[in-house]
Amino acid sequence: MNRSLGLPQATALILGTIIGVGIFNLPYSLAGIGPISIVAMALTTVGALALALMFAVLSRRLPADGGPYAYARAAFGNTVGFVNAWSYWITAWAGNAAIVTGWVFYVEHFVNKDGAKGWSILIALVGLWVPALVNLTGVKNMGAVQLWTTVIKFIPLLIMSTMGLFFISTANFHPANVSGDSDWQAIGSAMAICLFSYLGVECAAVAAAKVRDPARNVPRATVLGTLGSAVVYLLSLIAVFGIVPLTTLGQDKASYSAAANVMAGGGTWAGDLTALAVIVSGLGALNGWTMICAEMPLAAAKDGVFPALFGKLSGRGVPTAGILSSTVLGSLAMTVSYMGASGATVFNTLVLMTGITAAIPYAFSALAQLRWRVKGRLTRDAVIAVLSLIFSILFVWYSRNTGHDHWYVVWGPFLMAGAAFLLGLPVYLAVRKHMTAPPPVSAHE
């Protein structure tokens, strides 16, 4: 087995998949809700850390590739395993569609500034297929790209989360809630969007087959990567909301570039450098998630839960079918979304859709942990699992496109997720007779 990822690369995978373009687009996406979104990010961070700790424990108990899919299958059987594998696979390729949509915002800081829809789609297709080609060349190249893009993407976040705090104007935090909803409704809606920024806490567990000494390195990479992301997320989001007036945030898609220009005292050079770093960050996230898009079907195919085609490796040791099919589906999801809307609505709809499909395997992972702990006392692990389950349910509950008049826009995330789930029905019927028995799992780590 080709285990090419050590602790630095595994941690970079976590950081690289968590920190994509989601955090860089959040101020623009959340401008319609207001600075109260910072409270939502703090609460989402608690949920993300709970998920990270839960996956760290689960990966020690069952260090199998597939992560959430493997836990659900081992605890509840093949049918539940398939639902979770399919749901997580939707998360991965639809997440790539959302990432690349947000990535386009920063590319259009330089080109296609008028946002012509056809050019936006073409730029997004380039963003999806370049990482796919990198992944097709092998895990070693993918890991190298992930490590260096992670280093570059941290630069603007570190600057914003440290120096940016000195440029805050407290007047920009008022009014805190401009959504027209109650404070709790506004916080809930913002949390559903903020969750997208933390997708990836489970990626080292999903790719356990590619990690050296997974029982040791997967839990460490999961916790280190999530903690590192959480610190820069919270501080940088506070800085951007405090530096840039809310009216400007709602108009400028490249929020961090706008904040950088204010910090530099005018001009555009600081914003341009920030936009370049975000473009690299987005490519790094797409690079990591493209691998995850293929790893989940690969693990499921080995168990007979996915079609055998997804389990075949190329001469370079990569699951070609998973990479290509996921990139095609991500391209379609992105294009369809652009056909009906533009800007923040496209990004938010895809973000909320992935929140729904990610929350399902997150919730079943929590239920698996509780099932394996049910015979013991109420341990720390059980408390963390309950917290993870509550957050997973809340993320689904609040995943509506609020603030829109058309019902199909409001419920768009659920409609798209439902359509994607229906595609899995004929696949399940085709593979259900070929599924192998789930492995036995001890209740003790």
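A brief look at the structure comes next. Note that this is a predicted model, so its numbers are computed, not measured.

## A word on helix 19 (residues 424-431)
One turn of the α-helix equals 3.6 residues, which is why residues spaced by three or four share an orientation. Turning to helix 19, its buried residues number three or more, namely Gly424, Val427, Tyr428 and Val431. The arc that holds every buried residue of helix 19, seen down its axis, measures 100°, which confines them to one face. Turning to helix 19, the residues buried within the fold contact helix 5 (78-107) and helix 18 (412-422).

## Regarding the environment of Ala171
If you trace the backbone, Ala171 turns up in the loop between helix 7 (139-162) and helix 8 (183-198). Along the sequence, Ala171 and Trp148 sit 23 residues apart, while their C-alpha atoms lie 38 Å from each other.

## Some points on the nonpolar core
By size, the foremost hydrophobic cluster in this structure holds 140 residues, and its most contacted members are Ile19, Ile23, Trp93, Tyr106 and Phe306. Per-element tally for this core: the top contributor is helix 5, with 18 residues. Residues in contact with Phe306, not counting those within four places in the same chain, are Phe82, Ala85, Trp86, Trp89, Pro297, Ala300, Ala301 and Val431.

## Observations regarding the side chain of Ser37
Position of Ser37 among the secondary structure elements: in helix 3 (residues 37-61). Assessed through its relative accessible area of 0%, Ser37 is described here as buried. Once residues within four sequence positions are removed from consideration, Ser37 is found in contact with Leu30, Ala190, Cys194 and Phe241.

## A few points about the environment of Phe173
Positionally, Phe173 belongs in the loop between helix 7 and helix 8. Along the chain, Phe173 and Ile238 lie 65 residues apart, while their C-alpha atoms are 9.2 Å from each other. Setting aside anything within four residues of it in sequence, one finds Phe173 in contact with Pro35, Ile38, Ile168, Ile238, Phe241 and Gly242.

## Concerning a nonpolar patch on the surface
A cluster of nonpolar side chains, Ile155, Ile159, Met163, Leu165, Phe166, Phe167, Val231 and Leu235, forms an exposed patch at the surface whose accessible area comes to about 750 Å². Taken together, the elements giving at least two residues each to the nonpolar patch come down to helix 7 and helix 10 (214-243). Relative to the assigned elements, Leu165 resides in the loop between helix 7 and helix 8. Under the relative-accessibility criterion, Leu165 is labelled partly exposed at 33%.

## Examining the packing of aromatic side chains
This model, assessed by the stated rule, comprises 17 aromatic pairs. With a centroid separation of 6.0 Å and an interplanar angle of 45°, the aromatic rings of Phe82 and Phe306 are classed as tilted. Of this pair, Phe82 sits in helix 5 while Phe306 sits in the loop between helix 13 (269-302) and helix 14 (320-340), and the two are 224 residues apart along the sequence. Note on accessibility: Phe82 and Phe306 belong to one class, buried. One aromatic cluster in this structure is built from Phe82, Trp86, Trp89, Phe306, Phe310 and Tyr428.

## A look at the packing of helix 2 (residues 22-30) against helix 8
Axis separation between helix 2 and helix 8 bottoms out at 9 Å; the angle between their running directions is 160°. By the angle between their directions, the pair helix 2 and helix 8 is classed as roughly antiparallel. Note that helix 2 runs across helix 8; the crossing there is right-handed. Of the residues in helix 8, those in contact with Gly22, Ile23, Leu26, Ser29 and Leu30 of helix 2 are Ala190, Ile193, Cys194, Phe196 and Ser197. Tallied by class, the residues present in the contact of helix 2 with helix 8 amount to seven nonpolar, three polar and no charged.

## Section: the packing of helix 10 against helix 12 (residues 255-263)
Direction vectors running N to C along helix 10 and helix 12 enclose 65°, while the axes themselves pass 9 Å from each other. Classed by the angle they form, the pair helix 10 and helix 12 counts as roughly perpendicular. The chirality of how helix 10 crosses helix 12 is left-handed. The residues of helix 12 that touch helix 10, namely those facing Ser236, Leu237, Val240 and Ile243, are Ser255, Tyr256, Ala259, Val262 and Met263.

## Observations regarding unusual backbone geometry
Omega for the bond connecting His174 with Pro175 falls within 30 degrees of zero, at -5°, which places this linkage in the cis form. Mapped onto the secondary structure, Pro175 falls in the loop between helix 7 and helix 8. Phi angles above zero are rare outside glycine, and Asn112 is one such case at about 50°. Within the secondary structure, Asn112 sits in the loop between helix 5 and helix 6 (117-136).

## Considering helix 16 (residues 380-397)
Between its first and last C-alpha, helix 16 extends 26 Å over 18 residues, near the 26 Å set by a 1.5 Å rise per residue. Within the span of helix 16, buried status applies to Asp381, Ala382, Ile384, Ala385, Ser388, Leu389, Phe391, Ser392 and Phe395.

## A few points about the side chain of Ser257
Mapped onto the elements of the fold, Ser257 is located in helix 12. Here Ser257 falls in the buried class, since its relative accessible area comes to 0%. Only 2.9 Å separates the side chain of Ser257 from the backbone oxygen of Gly271, close enough to count as a polar contact. What Ser257 contacts, discounting residues up to four positions off in sequence, is Tyr106, His109, Gly271, Thr274 and Ala275.

Criteria and cut-off values
- Residues numbered from 1 in each chain as written.
- Predicted model: local features only at pLDDT ≥ 70, side-chain atom pairs only at ≥ 80, totals over all residues.
- Heavy atoms only, no water.
- Buried < 20%, exposed > 50% of the residue type's maximum accessible area, 1.4 Å probe, protein only.
- Helix = DSSP H or I, 4+ residues; strand = E, 2+ residues; numbered from the N terminus.
- Arc of directions from axis to C-beta.
- Contact = heavy atoms within 4.5 Å.
- Core = buried A, V, L, I, M, F, W, Y, C linked by side-chain atoms within 4.5 Å.
- Patch = residues over 30% accessible without salt bridge, like charges linked within 9 Å, V, L, I, M, F, W, Y side chains within 5 Å.
- Areas by Shrake-Rupley, 256 points an atom, 1.4 Å probe, with all protein chains shown as cover.
- Salt bridge = Lys/Arg side-chain N within 4 Å of Asp/Glu carboxyl O.
- Phe/Tyr/Trp six-rings, centres within 6.5 Å; stacked < 30°, edge-to-face > 60°.
- Axes fitted to C-alpha atoms, helices over the stretch in contact; angles between N-to-C directions.
- Parallel < 35°, antiparallel > 145°, perpendicular 65-115°, else oblique.
- Left-handed = near helix turned anticlockwise from the far one by under 90°.
- Nonpolar A, V, L, I, M, F, W, Y, C, P; charged D, E, K, R; others polar.
- Expected span 1.5 Å × (residues − 1).
- Polar contact = N/O pair within 3.5 Å; in protein donor to acceptor, adjacent residues only side chain to side chain.

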